[in-house]
Amino acid sequence: MEEEKKSIELKVLKNQLNPHFLFNTLNNLYALTLKKDDRAPEIIAKLSEILDFVLYRCNEDYVSIEKEIALIENYIALEKLRYSENRLDILFTKDIQESNKISPLIVLTFIENAFKHGVINETEKAIIRLNLESKKEQIIFSIENTKPQNELAQMTNKSKIGLENVQKQLDLLYPKRHQLEIEETKMLYKVKLCLKNQSRKELL
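Since the model is a prediction, treat every value here as computed from it, not as a measurement.

**Considering the sheet that holds strand 2 (residues 88-96)**
Across a sheet, strands are paired by hydrogen bonds formed along the backbone, either parallel or antiparallel in direction. Strand order in this open sheet of five strands is 2-4-5-7-6, and the pairing throughout is mixed. The strands lining the two open edges of the sheet, one partner per strand, are strand 2 and strand 6 (178-184). With direction set aside, neighbouring strand axes in the sheet form an average angle of 5 degrees. Lying on the sheet, helix 3 (residues 65-82) is in contact with strand 2, strand 4 (126-134) and strand 5 (138-146); it crosses strand 2 at an angle near 170 degrees. Helix 4 (residues 108-118) rests against strand 2, strand 4, strand 5, strand 6 and strand 7 (188-196) of the sheet, and its axis sits at about 5 degrees to strand 5.

**Observations regarding the side chain of N145**
Considering the arrangement of structural elements, one finds N145 in strand 5. Ignoring sequence-local partners within four residues, the contact set of N145 consists of A114, G118, I127, I128, M187, L188 and Y189.

**Brief notes about the packing of aromatic side chains**
With the rule as written, the count across this model stands at two aromatic pairs. Aromatic side chains Y62 and Y174 sit 5.9 Å apart centroid to centroid with 85 degrees between the ring planes, which places their arrangement in the edge-to-face category. Residue Y62 is located in the loop between helix 2 (40-56) and strand 1 (63-64), and its partner Y174 is located in the loop between helix 5 (157-173) and strand 6; the two are separated by 112 residues in the primary sequence. Under the relative-accessibility criterion, Y174 is labelled buried at 1%.

**Section: the nonpolar core**
Among the nonpolar cores identified, the biggest contains 47 residues, and I111, F115, I128, L130 and I143 are the most heavily contacted of them. With eight residues, the top contributor of residues to this core is helix 3. Residues in contact with F115, not counting those within four places in the same chain, are Y75, E79, Y83, L88, I90, I120 and I128.

**Thoughts on the packing of helix 3 against helix 4**
Viewed as axis vectors pointing N to C, helix 3 and helix 4 meet at an angle of 15 degrees, and their least axial separation amounts to 11 Å. Considering the angle they form, helix 3 stands roughly parallel to helix 4. The handedness of the crossing between helix 3 and helix 4 comes out as right-handed. Mapping the contact onto sequence places E68, L71, I72, Y75 and E79 in helix 3 and L108, I111, E112 and F115 in helix 4.

**A look at the pairing of strand 6**
Direction of pairing for strand 6 relative to strand 7: antiparallel, over a ladder of seven bridges. Each residue of the ladder has a partner; that of E181, found in strand 7, is K192. The turn linking strand 6 back onto strand 7 is made up of three residues.

Procedures and definitions
Residues numbered from 1 in each chain as written. Predicted model: local features only at pLDDT ≥ 70, side-chain atom pairs only at ≥ 80, totals over all residues. Heavy atoms only, no water. Pairing = 2+ DSSP bridges. Helix = DSSP H or I, 4+ residues; strand = E, 2+ residues; numbered from the N terminus. Axes fitted to C-alpha atoms, helices over the stretch in contact; angles between N-to-C directions. Contact = heavy atoms within 4.5 Å. Phe/Tyr/Trp six-rings, centres within 6.5 Å; stacked < 30°, edge-to-face > 60°. Buried < 20%, exposed > 50% of the residue type's maximum accessible area, 1.4 Å probe, protein only. Core = buried A, V, L, I, M, F, W, Y, C linked by side-chain atoms within 4.5 Å. Parallel < 35°, antiparallel > 145°, perpendicular 65-115°, else oblique. Left-handed = near helix turned anticlockwise from the far one by under 90°.

This is how it looks when you write it as structure tokens:
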């Protein structure tokens, strides 16, 4: 009964998070098509890959780290099409020593927030730095972004809901096996998430 309850709660959380993610992605596409951007075919191709992941992969509790990286790279590629080089400086580094599994979309909420609050309202060049490590014992994800120095740079209720959603999923999928650190200063917003590996028994 406990496992069934956990499964139902996870489905509810994912059903909240997936439409939120898709809504933001479609908004990005809409903004670009309004400009009659010549890169529309490339945008649609990237979006198609993202949709495939969200619709068919996110029903699983865990996916390979390689699939999650592909999703992140497609999402970043879409955002880079949206912003010019003088608006955005982004770097995604990876250190994959072992092919672990990770809960899908867990880190996407933090990446979305970095773009939403670090780039959209920024009048200067926004900086985003992401790093993903997959080792024998754990997965470590970190992201930091500069904060716009204006009154528009406020976290919305939707973003808070997304963060609360992720925290609940972490509690269910990684009970006592995760550590989430969020640090906010006047200039930067930083997130670090450590996930302890699933044992072979847990993944069966």
